[in-house]
Structures are given as structure tokens and as C-alpha cells.
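Each chain, letter by letter, is given below.
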Amino acid sequence: METIYFKGTPCHTYGNIPAVGTKAPCFNLVTKDLTDIRCNDFPGKRIVLNIFPSLDTPVCAASVRRFNQEAAGLTDTAVVCVSMDLPFAQGRFCSAEGIENVIVASAFRSPTFSQQFGLQIVDGPLAGLLARAVIVLDENHKVIFSDLVEEITNEPDYEGAISVLKK
């Protein structure tokens, strides 16, 4: 269990975020067009998982916009932006914002994602949603960067995540 904060109020997660050096659990999510997306759909690529509560918040939307910009300059890397938002809402957001370089994916059909990655918020006003985190996986799904954002209303460490991809 991790302790995070929402506007200064403590909340907790189910389990712990995968640590750097460990193999990440495989994931099964749903894209904005309702197709399944799995960890094994990216052979030979590194994966950036930008995980957040909902696109309907300014900080979450900003993180998707920022990773969309960053993804344009990354090679052999897939950026997957994950929330509990329904795929229809994710699709509308991407269309309205011109998001083309990242994959948006919903964990709404996959409760094991939030639990296996230790990111399901279990109490507080955002209970049931995902905590804000960035996890970067190498080509073999080994965690090379892991950042659970302590205060949910703050943006993640973009520079830290991108820097491990440029090594």
C-alpha cells in the first residue's frame, strides 16, 4: 500500500508500484476504438505508461498533451496513456486536442491492471480511479523508471521518464 495525497488529504493505493529493476506485470487494456491492447503488442519497443485518474482534469489532460509532444521525438518507444475513462471519452479528447503520437487506453475492463501495478486508489474522493504515475519499461518489460506522484494534483516527472529513454 502506498500513501498519496489529493489536495493534501492522504489516500492509499492497493499494493505497490513496480520498482525499477523488476519485471512489470503484463497488461490488457482497451483502446479508444474498443480494441484490446496488451503488453506483448510492442515487440522490441520500450513502453512509457502515463497513468492518471481522468482526462476530465486539467493536470491529466496536460500530461497527455506533454507526452504526445515528447513521443514525436522518441524512437522504438510506445507511449500508452492509461486511465479509467471510457474509450469514447478518450476518443473525443484525442480528436479535440489533436493527440496522434500516443495511444490512449482504458483500464475500465481490467481491474487487475490497477491492482497488479499498485495504482488503484482505495479510499478518499478518487477511490476506484488510478493514481498518477509514470512507468517506463525496456524492450523486455523490465521497469527502468517508476514515478508515483505523491500529490495527485501535481504533474509527473516528464524529464526523468524521457531521460531514461535517451540513454
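Just above, that's the structure.
Because the structure is predicted, anything quoted here is derived from the model rather than measured.

Enquirer: I'd like to hear about the nonpolar core, residue by residue, with values.
Expert: Here is a general trend for soluble globular proteins: nonpolar side chains tend to be buried in one another's company. By size, the foremost hydrophobic cluster in this structure holds 31 residues, and its most contacted members are Phe27, Leu29, Leu49, Val82, Phe113, Leu119 and Ile135. Every residue in contact with Val82, bar those within four places of it in the chain, is listed here: Leu29, Leu49, Asn50, Ile51, Phe52, Ala105, Ala107, Phe113 and Leu130. Membership of the second largest hydrophobic core comes to 24 residues, among which are Ala71, Val136, Tyr158 and Ala161.

Enquirer: Describe helix α2 (residues 87-97), and please don't skip the residues or the numbers.
Expert: Listed as buried for α2 are Pro87, Gln90, Gly91, Phe93 and Cys94. Projected onto a plane normal to the axis of α2, the buried residues spread over an arc of 165° and lie on a single side. Among the exposed residues of α2, those pointing more than 90 degrees away from its buried face are Arg92, Ser95 and Ala96. Buried residues along α2 sit against β3 (28-31), α1 (58-71), β6 (77-83) and β7 (103-106). Of the residues trailing α2, Gly98 is marked for its positive phi of about 70°.

Enquirer: Kindly report on the environment of Ala127, identifying the contributing residues and their values.
Expert: Turning to its location among the elements, Ala127 is positioned in the loop between α3 (111-116) and β8 (133-137). Residue classification places Ala127 among the partly exposed positions, given a relative accessible area of 43%. On a C-alpha basis, the gap between Ala127 and Glu155 in space is 19 Å, while along the polypeptide they are 28 residues apart. Those residues in contact with Ala127, other than ones at most four positions away along the chain, are Ile121 and Val122.

Enquirer: I'd like to hear about α1, residue by residue, with values.
Expert: With 14 residues, α1 should reach 20 Å at 1.5 Å per residue; the first-to-last C-alpha distance of 20 Å fits that figure. Of all the positions in α1, only Val59, Cys60, Ala61, Ser63, Val64, Phe67, Asn68 and Ala71 are classed as buried.

Enquirer: For the state of the cysteines, give the residues involved together with the corresponding values.
Expert: Using the criterion set out here, one finds 1 disulfide in the structure. The disulfide bridge from Cys26 ends at Cys39, spanning 1.7 Å between sulfur atoms. Because the sign of the S-S torsion sets the handedness, a value of about -90° for the bond joining Cys26 and Cys39 places this disulfide among the left-handed ones. Taken as a pair, Cys26 in the loop between β2 (9-12) and β3 and Cys39 in the loop between β4 (36-38) and β5 (46-51) lie far apart in primary sequence, 13 residues in all. A residue is classified by how much of its surface remains accessible, and Cys26, at 40% relative accessible area, is partly exposed. Free cysteine Cys81: the closest other cysteine sulfur is in Cys94, separated by 7.8 Å. On the basis of relative accessible area, Cys81 is assigned to the buried category, the value being 0%.

Enquirer: How would you summarise the sheet that holds β5 if you had to cite specific residues and measurements?
Expert: The strand order across the open sheet built from 7 strands is β4-β3-β7-β6-β5-β8-β9, with neighbouring strands paired in mixed fashion. A single partner strand is all that each edge strand has here, and the edge strands are β4 and β9 (143-148). Across this sheet, the average inter-strand angle for adjacent strands is 30°, counted without regard to direction. Relative to β7, β6 runs parallel, the two being bridged by 4 bridges. Paired with Val80 across the bridge in β7 is Ile103.

Enquirer: Give a detailed account of unusual backbone geometry, specifying residues and quantitative values.
Expert: If you check the backbone angles, Leu34 has positive phi at about 70° while not being a glycine. Structurally, Leu34 is set in the loop between β3 and β4. The exposure class of Leu34 is partly exposed, given its relative accessible area of 38%. Within the chain, Asp76 stands out as a residue other than glycine whose phi angle is a positive 50°. Summarising the element assignment, Asp76 is placed in the loop between α1 and β6.

Calculation notes
- Residues numbered from 1 in each chain as written.
- Predicted model: local features only at pLDDT ≥ 70, side-chain atom pairs only at ≥ 80, totals over all residues.
- Heavy atoms only, no water.
- Core = buried A, V, L, I, M, F, W, Y, C linked by side-chain atoms within 4.5 Å.
- Buried < 20%, exposed > 50% of the residue type's maximum accessible area, 1.4 Å probe, protein only.
- Contact = heavy atoms within 4.5 Å.
- Helix = DSSP H or I, 4+ residues; strand = E, 2+ residues; numbered from the N terminus.
- Arc of directions from axis to C-beta.
- Expected span 1.5 Å × (residues − 1).
- Disulfide = S-S within 2.5 Å.
- Pairing = 2+ DSSP bridges.
- Axes fitted to C-alpha atoms, helices over the stretch in contact; angles between N-to-C directions.

Bear in mind that shape data such as this cannot, by itself, settle questions of function.
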